[in-house]
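Spelled out from the first residue to the last, the chains are:
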Amino acid sequence: MNIASKYLYKEEYGQGDPILCLHGFGANMFTWRHFIDPFSRYNKLILVDLKGFGRSAKPEDQHYSIHDHADAVYQLIRQNDWQKLTLVGNSYGGAVALLLALRLEEDAPSRLSKLVLIDAGAYKEFLPGYLKLMRTFLGELMSFLLPARQTVKFVLNVSFYNKEKISEDQIKAYAGPLSDPGNRTALLETARQCIPPNADELVAKYKNISVPTLILWGRHDKVVPLKVGELLSQSLRNSVLEIFEECGH
């Protein structure tokens, strides 16, 4: 059994060319709940919980680098032989999607059709504040002491422009898995290893991504600033940047 089938939980909806969605740090496939109806009408919509998150396995090991996450999803793509794939990534999932796009362009270009990056992590200089904190001893201590609901409320408040849109359903959906000790390990290890050793080399390769790419950003994103979206739009030669007003992360 390979790492993909062993660790990753996925759900599929509809038929057609596949759309694969990758959630952000500390989140899970609940992120994509509003995608299910519209995007499963004419496509196969695939929602995945990254290793250590949501309903995926949460082994208490150290294999949570961004390359580990990308490798697991890459194996899932190969395992299911998905072709003409649209890859969608939000925040940390966007960073994973960028790595996957680079790998697919090099190893299996026929598999990747389109790329969508939503407030994506892309440059080590723009690491979100709560990720910086989690990479410290204080952050590690807080991750074990703070109640899950309090942690989720804090992140959602930073992420949303309109705080009134934060719902109890969101808090429950994201806080629930955080109660699992394995999820705390996944959070800490993912935070520690979120910047790959070859980060500068990877950034230099962004220009090699040739598939049509849609970059979506909130004007008032306090987690990953709009500057990142602008830099990506300059680096990805076949991209379009769309900015949403009065919108956060």
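Fair warning: this is a prediction, and the values are worked out from it, not measured in the lab.

1. Brief notes about the pairing of strand β3 (residues 44-49)
Here's step 1: Most of β3 is tucked away, with 6 of its 6 residues classed as buried.
Here's step 2: Taking every second residue as pointing to the same face, both faces of β3 are buried, with K44, I46 and V48 on one and L45, L47 and D49 on the other.
Here's step 3: In terms of strand pairing, strand β2 (residues 18-22) meets β3 through 5 bridges, oriented parallel. For L22, the partnering residue across the bridge sits in β3 and is V48.

2. Some points on the packing of aromatic side chains
Here's step 1: This structure, assessed with the given rule, holds 7 aromatic pairs.
Here's step 2: Consider the rings of W32 and F35, whose centres lie 5.0 Å apart with planes at 65 degrees: the pair is edge-to-face.
Here's step 3: Here the aromatic rings of F35 and F39 are separated by 4.8 Å at their centres, their planes lie at 35 degrees, and the arrangement is tilted.
Here's step 4: Judged by its relative accessible area of 21%, F35 is partly exposed.
Here's step 5: In this structure an aromatic cluster arises from ring pairing among F25, F53, Y92 and Y130.
Here's step 6: Across the ring face of Y7, the terminal group of K51 is positioned such that the distance to the ring centre comes to 4.8 Å.

Definitions and limits used
Residues numbered from 1 in each chain as written. Predicted model: local features only at pLDDT ≥ 70, side-chain atom pairs only at ≥ 80, totals over all residues. Heavy atoms only, no water. Buried < 20%, exposed > 50% of the residue type's maximum accessible area, 1.4 Å probe, protein only. Helix = DSSP H or I, 4+ residues; strand = E, 2+ residues; numbered from the N terminus. Pairing = 2+ DSSP bridges. Phe/Tyr/Trp six-rings, centres within 6.5 Å; stacked < 30°, edge-to-face > 60°. Lys NZ or Arg CZ within 6 Å of the ring centre and 35° of its normal.

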